[in-house]
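Inside the fold
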Amino acid sequence: MATTNPPAEKKQFQFLGTLVAVLAVVAVLQWTSNRGFIFPATESALPESTIPWREDYATALDESKASGKPVLVVFSASWCPPCKEMKLRVWPDVDVAAAVEADFVPIYVDVDVKQYGPVVERYKVRSIPSILILDGEGQVLRQAGPMSRNKTLKFLEAGRT
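Residues numbered from 1 in each chain as written. Predicted model: local features only at pLDDT ≥ 70, side-chain atom pairs only at ≥ 80, totals over all residues. Heavy atoms only, no water.

1. As for the state of the cysteines
- Applying the stated rule across the entire model yields one disulfide.
- At a sulfur-sulfur separation of 2.5 Å, the disulfide partner of Cys 80 is Cys 83. A torsion of 75° about the S-S bond marks the disulfide between Cys 80 and Cys 83 as right-handed.
- The class of Cys 80 is buried, set by a relative accessible area of 2%.
- For Cys 83, a relative accessible area of 1% corresponds to the buried category. (Disulfide = S-S within 2.5 Å. Buried < 20%, exposed > 50% of the residue type's maximum accessible area, 1.4 Å probe, protein only.)

2. Things to note about the environment of Gln 143
- Mapped onto the secondary structure, Gln 143 falls in strand 4 (residues 140-144).
- Sequence separation of Gln 143 and Ser 130 is 13 residues, and the distance between their C-alpha atoms is 7.2 Å.
- Here Gln 143 is in contact with Ile 131, Leu 132 and Phe 155, once residues within four sequence places are set aside. (Helix = DSSP H or I, 4+ residues; strand = E, 2+ residues; numbered from the N terminus. Contact = heavy atoms within 4.5 Å.)

3. Quick word on the packing of helix 5 (residues 94-103) against helix 7 (residues 149-159)
- Between helix 5 and helix 7, the least distance of the axes is 10 Å, while the angle of their chain directions is 20°. Between helix 5 and helix 7, the angle is such that the two are roughly parallel. Taken as a pair, helix 5 and helix 7 cross one another with a handedness that is left-handed. Of the residues in helix 7, those touching helix 5 at Asp 95, Val 96, Ala 99 and Val 100 are Arg 149, Thr 152, Leu 153 and Leu 156.
- In terms of residue class, the contact of helix 5 with helix 7 is made up of five nonpolar, one polar and two charged. (Axes fitted to C-alpha atoms, helices over the stretch in contact; angles between N-to-C directions. Parallel < 35°, antiparallel > 145°, perpendicular 65-115°, else oblique. Left-handed = near helix turned anticlockwise from the far one by under 90°. Nonpolar A, V, L, I, M, F, W, Y, C, P; charged D, E, K, R; others polar.)

4. Details of the packing of aromatic side chains
- In the structure shown here, the tally under the stated rule is four aromatic pairs.
- Taking the centre distance of 5.0 Å and the plane angle of 65° together, the rings of Trp 53 and Tyr 108 count as edge-to-face. Separated by 55 residues along the polypeptide, Trp 53 in the loop between helix 2 (31-42) and helix 3 (57-67) and Tyr 108 in strand 2 (residues 105-110) bring together distant segments of the chain.
- Of the residues examined, Trp 53 reaches a relative accessible area of 21% and is grouped as partly exposed.
- Classification of Tyr 108 by relative accessible area gives buried; the value is 18%.
- Aromatic pair Phe 75 and Tyr 123: ring centres 6.3 Å apart, planes at 55°, arrangement tilted. One end of the pair, Phe 75, is in strand 1 (residues 71-76); the other, Tyr 123, is in the loop between helix 6 (117-122) and strand 3 (130-134), and 48 residues separate them in sequence. (Phe/Tyr/Trp six-rings, centres within 6.5 Å; stacked < 30°, edge-to-face > 60°.)

5. Notes on the environment of Leu 132
- Residue position: Leu 132 is located in strand 3.
- Residue classification places Leu 132 among the buried residues on the basis of a relative accessible area of 6%.
- Spatially, the C-alpha atom of Leu 132 lies 5.1 Å from that of Val 73, the residues being 59 residues apart in sequence.
- Those residues in contact with Leu 132 that lie beyond four places of it in its chain are Val 71, Leu 72, Val 73, Phe 75, Tyr 123, Val 140, Arg 142 and Gln 143.

6. A word on the nonpolar core
- If you look at the biggest cluster of nonpolar residues, it comprises 20 residues, and the most contacted ones within it are Val 71, Val 73, Phe 75, Ile 107 and Tyr 123.
- If you list the elements that add at least two residues to this core, you get helix 3, strand 1, strand 2, helix 6 and strand 3.
- If we ignore the near neighbours within four places in the chain, the residues touching Val 73 are Ile 107, Val 109, Ser 130, Ile 131, Leu 132 and Leu 134.
- In this structure, Val 90, Val 96, Tyr 108 and Phe 155 belong to the second largest nonpolar core, which totals 17 residues. (Core = buried A, V, L, I, M, F, W, Y, C linked by side-chain atoms within 4.5 Å.)

7. Side note on the environment of Gly 145
- Structurally, Gly 145 is set in the loop between strand 4 and helix 7.
- For the pair Gly 145 and Ser 127, spaced 18 residues apart in sequence, the C-alpha separation works out to 8.0 Å.
- Not counting chain neighbours up to four residues away, the residues in contact with Gly 145 comprise Pro 129 and Ile 131.

So yeah, pure geometry; function would need other evidence.
Here it is, written out as structure tokens:
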């Protein structure tokens, strides 16, 4: 005589099948972010950016006032997958680096570094990467979140003074 699964067990298997399918779809949709997370495990290191990132916020503002160039502030963290994606695909790009160097005073702010705490608070950074273009007084002219290379170039073009 054949045995059949009781209805409760059949519902459990259906639920587990649905859960696995949903998780698979989410994993595929999140691949862009996951690449930034997986990259360090598959490669020795993220490519180096040639952008001359400043390390001091006040000095970057002073340089902006003196040069007339706006400040490009990138808020990031070493553990952030979208930040790693931008470090991999955007900041090392020759065209992006040339645009940043020609038209901006760039500063890279690691939100986990204590010295940058007041800057993170001033701009109420709640998600990363957060990318701001500031005038020499520190006023926000434009802002964005994670972007592709092409969107970054458009953002920079629109933010030039």
